[in-house]
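Here is what each chain is made of, one letter per residue.
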Amino acid sequence: MQVPATFAYERAGSVPHALELLDRYGPDARVVAGGHSLIPMMKLRLAQPEALIDINGLSELAQLSVEDGELVIGSMVRHAELLAGAVATGPYPIFEDAERVIADPIVRNRGTVGGSLCQGDPSEDLAAVFAALRATAVIQGPAGVRKVPVREFHEGPYETAVGDGELLLALRVPILDGAGSAYEKVERRVGDWPVAAAGAVLQLDGGVIARAGIGLTAVGAEHFCAPEAEAHLIGKPPGAEVFAEAGRIAAEHCEPHSDQRGPADYKRHLAAELTRRALARAVERI
Amino acid sequence: MSFGRMHRKEDARFIRGRGTYVDDVKLPGMLHGAILRSPYAHARIVSIDTSAAEAHPKVKAVVTGATLAGLNLAWMPTLSNDVQAVLATDKVRFQGQEVAFVVAEDRYAARDALELIEVEYEPLDAVIDARTALDAGAPVIRDDLEGKADNHIFDWQAGDRARTDELFERAEVTVAQDMLYPRVHPAPLETCGALADFDKVTGKLTVWCPTQAPHAHRTLYAMVAGLPEHKIRVISPDIGGGFGNKVGIYPGYVCAIVGSIVTGRPVKWMEDRSENLMSTSFARDYHMHGEIAADRDGRIKAIRVKVLADHGAFNGTAQPTKFPAGFFHVFTGSYDLEAAHCEVTGVYTNKAPGGVAYACSFRITEAVYLVERLMDVLAAELGVDPAELRMRNLLKPDQFPYTSPTGWEYDSGDYPKTLRLALDMAGYDELRAEQAAKRARGELMGIGISFFTEAVGAGPRKHMDILGLGMADGAELRVHPTGKAVLRVSCQSQGQGHETTFAQIVGNELGIPADDVEVVHGDTDQTPFGLGTYGSRSTPVSGAATAVVARKVRDRAKLVAAAMLEASPDDLEWQDGKWSVVGDPSTAKSLAEIALAAHSNLELPEGVEGHLDAVTVYNPPNLTYPFGAYICVVDVDPGTGQVKVRRFVAVDDCGVRINPMIVEGQVHGGLADGVGMALMQVMAFDEDGNHLGASFMDYLLPTSMECPSWELGETVSPSPFHPIGAKGVGESATVGSPAAVVNAVVDALAPYGIRHADMPLTPANVWRTIDGRPFRTDLAIS
């Protein structure tokens, strides 16, 4: 049986209290939300934090709503909540596509949107989704609240813009009128991390692509996005050839690594193939 | 009263969470053990410093190989007459090997103390790829064995080499195929573990352990540790899945026992998931080269096979002594051919020991996979439909009992009928038409067939044993005065539903409801000797023993009934579950009435004992030979390599079905296993011997999402060698299904000229195969 090393446990009663606890315990404290990444790592003793700050009681972080033309997803919103309601999946079916294939229902019942992003796993599905949507992360620290574009949020594998003593409060996603979105993932088995996955968001204007967002995960795409491929799409009418070319461009700019999910060349192929498919499905949904 | 569907008696406790597993057992004063394991696949141990761990305030004992060497317990025999290190003394030989054992007041402290043990290793080159194990200059893994200068374990062969070679020389058509059955793991949801309680006052050792073979464990503990056998009690409570993983004795069990003897307190050790996957019995790891000789009409003449068998660092496979490759030589399958020959070479590598385990019926899984893949390769070569090719070569009903070219005596069957039923259920012709239409549109659809025959129920004791213990099993049946019965059997259920099935057998023989029969198993102090549950042997052996012992009770009841009726026993007949005077049903006496009389003051004839209890030992006259026809339909996405199993038709013939619902449950589980092995499961290793499948993130179990709604059918060919005509079925689907799935995927890829791909057929593997660049699935992907 796997058992973690000794740690202190604190339950935060409010965001200021959580920040105070983070300050008190310092950099060896970890915030626990759904715990579905952190707790297994602790049981395997790959992580040995001195203290856990439990933010499960912070209902102010569980908001899921539309404010000022923006979708606001609190960091404590559970995957299952995002999937169940139409608040996020209505304007952006990409959430439904992605959430349906994140882990399994048991994990989705507890795992949180903020936890997924803050874990910073290079194969995280939601990182690609928010990158495609050009979301903004809202972070609070001792110095106050700051906003970080999600394409600057991930600073490397397991490294994010959320510093010591800070807490991710929410993700804000601009709602684009008449946008289409989709997510395509290849996994070895349901619930597995992706071998590769791609998300796409498209908005047309006058029959040509006015806005394009492409998110990629598990393929070594910088900041989980594909700006060169997006640039290729702008101003062109949507179509199989232009999408295939965008996929090729996206794949060129990836740096996938071989592992037991597949060799690098296969993952690069998937980056192209899944980008193409996500774009095609996104445009069908406009 | 008898055979048929009934809910499992054990479900009442399982669905309420009221089962009792080893980890549920808590004894006063119980301590907890944890094992320090090797991070290296191959390294010399320079030194071990346990002083800091011993100084931990909650640590009660630290045991190392040196401690055990002092007790002559550092090495223990394996189930294949090799030896295995309990705790390493000289070298570590696989990643995850046991190095030290800590006993502490709680699990957390035990685990913490592991980090305080300092081991200095001198890393050595590792042998990871079995194909290089016999190379000149390969590192010698087993230098502990006197004079051992290579990694060779055994060469073994079966069949008629000269006749087989002759047929190959004369053959109109031959095909050959290399194939790998990769290393997989049974991965029971309950991991292994033990709770040992040595009572210094009475000298009695009690071991709670999820073992599939409690009696064999008891005897081996007595032989190895020198403890008197009557002072050893092995209790195997509810088991959360075994699949062969829980047959042998693991170092942790011995450590828990030593820990209890050393500390004088009960010691519990439960392994974690990674320990289970990294160190306990694996399955398969067979590198096979198969050839088939046929004429142009597709009549097969001969099969020739060479196998390189990777046994890991210690030869620990569980199998009868005569058969180092298990029952692999049943590889001629379900077909009528003239000759066959196989050669198997076993080698050591720097991987965990084990083998056989995982519902394989002693290597029949490998044999079935081999022959069923070869049949498809031949079909492709000849341009003959795979169903038609099988139909031309299947054994005919009038050939039974049939002696195979490698010496097996198949018991019964109508193979063509079973295959026809499966083809009809699948709508085979329509599927082929659909496939043709899809191929014309560039879509990939595959149809795969597997027709398997197993040899299960080991076995006749003159041929089959485990470490010299013959594979016969006992049964005891007590009938209480009110006609309720208690059956005691030697085997142990890991979820197979023995408490129900065996009660039904007794009920059927004695005319009482199955609910009136309590089945006791899994406690060596409470049950007769026998070798346990694996290789689908429970119903063929213990189930037969149950029928036989129940018939003994019935015969005893006849004498008592005769006394009750003041008639001659010769004038009685058994009708509708009662003894009555021939032709006079009004005289009928039920078992309950007879049982009460047997315990009463009724005067019994001279020489007739009172009571009805009986005992037996069943030595099977032959194995039983279940078989089946499986058809799998898949769709493959050429852009991603993803495989979707759309349909799966499984027609099983396991002779008489005692409880069809339980049989179907066993088949469902085995089919899911097959999908898992075919599509996602493998334990691969990198060049340094790092285990690349040591958690459920990396070693994938299939879920309902990967499984179609199974379509089951049955034919019934009773076994003439079993008292109720039953055959084992626990492993049929695991044995038969991987070939059907792989054949379906390969069939889908036929437009690319592909004739074979190794398991697991992950999206990456399929895509690379389409691209003509398959990779070794058992090594690190680069």
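Residues numbered from 1 in each chain as written. Chains lettered and ligands numbered in written order. Predicted model: local features only at pLDDT ≥ 70, side-chain atom pairs only at ≥ 80, totals over all residues. Heavy atoms only, no water.

Q: Explain empty space enclosed by the protein to me, and be specific about the residues and the numbers.
A: On inspection of all chains with the given rule, the structure shows three cavities of 30 Å³ or more. In terms of lining residues, the largest cavity is bounded by 14 residues, among which Arg188 and Gln260 of chain A together with Val682, Pro760 and Thr762 of chain B are the most central. Per-class residue counts for the lining of the largest cavity are eight nonpolar, four polar and two charged. What the second largest cavity holds in volume is close to 70 Å³. Leu79, Ala213, Ala216, His217, Leu220, Val247, Gly248, Ile249, Ile466, Leu531 and Tyr534 of chain B together form the lining of the second largest cavity. Looking at the lining of the second largest cavity, the element that brings in the most residues is helix α6 (residues 214-225) of chain B, giving three residues. Its residues placed into classes, the lining of the second largest cavity shows nine nonpolar, two polar and no charged. (1 Å grid on protein atoms, 1.4 Å probe; cavity = no way out; pocket = protein on both sides within 12 Å on 5 of 7 lines; lining within 4 Å. Points joined across faces, edges and corners; volume = space filled by probe spheres on them. Nonpolar A, V, L, I, M, F, W, Y, C, P; charged D, E, K, R; others polar. Helix = DSSP H or I, 4+ residues; strand = E, 2+ residues; numbered from the N terminus.)

Q: For unusual backbone geometry, give the residues involved together with the corresponding values.
A: Residues Phe400 of chain B and Pro401 of chain B are joined by a peptide bond in cis, for which omega reads -10 degrees. Relative to the helices and strands, Pro401 of chain B is located in the loop between α10 (386-393) and β18 (402-403). The amide bond that connects Met759 of chain B to the next residue, Pro760 of chain B, takes the cis arrangement and shows omega of -10 degrees. Phi at Arg45 of chain A takes a positive value of approximately 60 degrees, unusual for a residue other than glycine. As for its position among the elements, Arg45 of chain A is in the loop between α2 (38-43) and β3 (51-54).

Q: For the pattern of salt bridges, give the residues involved together with the corresponding values.
A: Residue and element names in this part refer to chain B. Following the criterion strictly, the structure yields 82 salt bridges over all chains and no others. Between Asp143 and Arg93 there is a salt bridge, and its shortest N-O distance comes to 3.1 Å. Of this pair, Asp143 sits in the loop between β8 (118-123) and β9 (152-159) while Arg93 sits in the loop between β6 (91-92) and β7 (98-104); the two residues are 50 residues apart in sequence, bridging distant segments of the chain. For Asp143, a relative accessible area of 36% puts it in the partly exposed group. Glu509 is paired through a salt bridge with Arg554; the nearest N and O atoms lie 2.9 Å apart. Of this pair, Glu509 sits in helix α13 (residues 498-510) while Arg554 sits in helix α14 (residues 538-565), and the two are 45 residues apart along the sequence. This pair shows no difference in class: Glu509 is buried, exactly as Arg554 is. The network of salt bridges with shared partners includes Arg44, Asp82, Asp90, Lys91, Arg93, Arg142, Asp143 and Asp144. (Salt bridge = Lys/Arg side-chain N within 4 Å of Asp/Glu carboxyl O. Buried < 20%, exposed > 50% of the residue type's maximum accessible area, 1.4 Å probe, protein only.)

Q: Give a detailed account of the packing of aromatic side chains, specifying residues and quantitative values.
A: Residue and element names in this part refer to chain B. Summed over the entire model, instances satisfying the criterion amount to 25 aromatic pairs over all chains. Ring centres of Tyr40 and Tyr121 lie 5.3 Å apart, and the angle between their planes is 65 degrees; this geometry places the pair in the edge-to-face category. Of the two residues, Tyr40 is situated in the loop between β1 (31-37) and β2 (43-49) and Tyr121 in strand β8; the sequence distance between them amounts to 81 residues. Of the residues examined, Tyr121 reaches a relative accessible area of 15% and is grouped as buried. Geometrically, the ring pair formed by Phe400 and Tyr415 is edge-to-face, given 5.2 Å between the ring centres and 70 degrees between the ring planes. (Phe/Tyr/Trp six-rings, centres within 6.5 Å; stacked < 30°, edge-to-face > 60°.)

Q: Could you give me a rundown of the packing of α10 of chain B against helix α11 (residues 415-426) of chain B, with the residues and numbers involved?
A: Residue and element names in this part refer to chain B. Relative to each other, α10 and α11 sit at 165 degrees, their axes nearing to 10 Å. When the axes of α10 and α11 are compared, the pair comes out roughly antiparallel. The element α10 and its partner α11 pack so that their crossing is left-handed. The residues of α11 that touch α10, namely those facing Ala387, Arg390 and Met391, are Pro416, Leu419, Arg420 and Leu423. (Axes fitted to C-alpha atoms, helices over the stretch in contact; angles between N-to-C directions. Parallel < 35°, antiparallel > 145°, perpendicular 65-115°, else oblique. Left-handed = near helix turned anticlockwise from the far one by under 90°. Contact = heavy atoms within 4.5 Å.)

Q: Pulling in residues and values, what's your account of the side chain of Glu10 of chain B?
A: Residues and elements named next belong to chain B. Structurally, Glu10 can be placed in the segment before α1 (11-14). For the buried residue Glu10, which engages in no salt bridge, the nearest side chain bearing the opposite charge is Arg8, 4.8 Å off. Among the polar contacts listed, one links the side chain of Glu10 to the side chain of Thr500, at a separation of 2.5 Å. Once you skip the residues sitting within four places of it in the chain, Glu10 turns out to touch Gly497, His498, Glu499 and Thr500. (Lys, Arg positive; Asp, Glu negative; His and termini not counted. Polar contact = N/O pair within 3.5 Å; in protein donor to acceptor, adjacent residues only side chain to side chain.)

Q: Talk me through the sheet that holds strand β30 (residues 627-636) of chain B; I want residue IDs and the actual numbers.
A: Residue and element names in this part refer to chain B. Across the sheet, which stays open at both edges, the four strands sit in the order β20-β30-β31-β32 with mixed pairing between neighbours. Of all strands in the sheet, those bounded by a partner on one side alone are β20 (444-453) and β32 (711-714). When strand polarity is set aside, the average angle formed by the axes of neighbouring strands in this sheet is 15 degrees. In this sheet, strand β31 (residues 643-653) lies alongside β30 in antiparallel orientation, the contact comprising 10 bridges. Across the sheet, the residue bridging to Ala629 is Val651, located in β31. (Pairing = 2+ DSSP bridges.)

Q: Give me the lowdown on the domain arrangement of chain B, citing residues and values where you can.
A: Residue and element names in this part refer to chain B. Under the domain assignment used here, chain B contains domain 1 (11-124 + 190-240 + 246-279), domain 2 (365-455 + 625-770) and domain 3 (472-618). Each of domain 1 and domain 3 has a C-alpha centre, and these two points are 40 Å apart. Taken together, the contact between domain 1 and domain 3 spans 18 residues of the former and 19 residues of the latter. Buried surface at the junction of domain 1 and domain 3, summed over both partners, amounts to about 1,400 Å²; 47% is from carbon and sulfur atoms. Among the salt bridges present, the one from Asp523 reaches Arg233, with a minimum N-O distance of 2.6 Å. Our count for the contact surface shared by domain 1 and domain 3 stands at 11 residue pairs in polar contact (both at pLDDT 80 or more). Those elements that provide at least two residues to the side of domain 1 that touches domain 3 are α6 and β13 (232-235). Sorting elements by how many residues they give to the side of domain 1 that touches domain 3 places α6 first, with five residues. (Domains from an automatic or database assignment. Buried area = accessible area lost by both parts, 1.4 Å probe.)

Q: Describe in detail the UniProt feature "domain: FAD-binding PCMH-type" (unreviewed entry) in chain A, supporting the description with residues and values.
A: Mapped onto the present numbering, the UniProt feature "domain: FAD-binding PCMH-type" (unreviewed entry) falls at residues 2-178 of chain A. End C-alpha to end C-alpha, residues 2-178 of chain A measures 49 Å, and it is 32% helix and 26% strand. (UniProt positions renumbered as here; feature names shortened; annotations may be inferred.)

Q: Provide a residue-level description of α13 of chain B, including the pertinent values.
A: Residues and elements named next belong to chain B. Across its 13 residues, α13 extends 18 Å between first and last C-alpha, which sits within 8% of the 18 Å expected from 1.5 Å per residue. Most of α13 sits out of view: 12 of its 13 residues are buried. Phi for Gly511, located one or two positions after α13, is positive at around 70 degrees. (Expected span 1.5 Å × (residues − 1).)

Q: I'd love a proper account of the interface of chain B and chain A, names of residues and values included.
A: Each partner contributes residues to the interface: chain B has 35 residues there, and chain A has 30 residues. At the boundary of chain B with chain A, total buried surface from both sides reaches about 2,700 Å², with 54% on carbon and sulfur atoms. Among the residues of chain B in contact with chain A, Leu700, Trp767 and Ile781 of chain B are the three that bury the most area, contributing 19% of the side total. Our enumeration of links across chain B and chain A arrives at five salt bridges. Close ionic contact of Asp637 of chain B with Arg277 of chain A constitutes a salt bridge, the shortest N to O distance being 2.6 Å. Within the residue set of the side of chain B that touches chain A, elements represented by two or more residues are α4 (107-114), α8 (273-279) and α18 (763-770) of chain B. A class-by-class count of the residues in the side of chain B that touches chain A yields 17 nonpolar, six polar and 12 charged.

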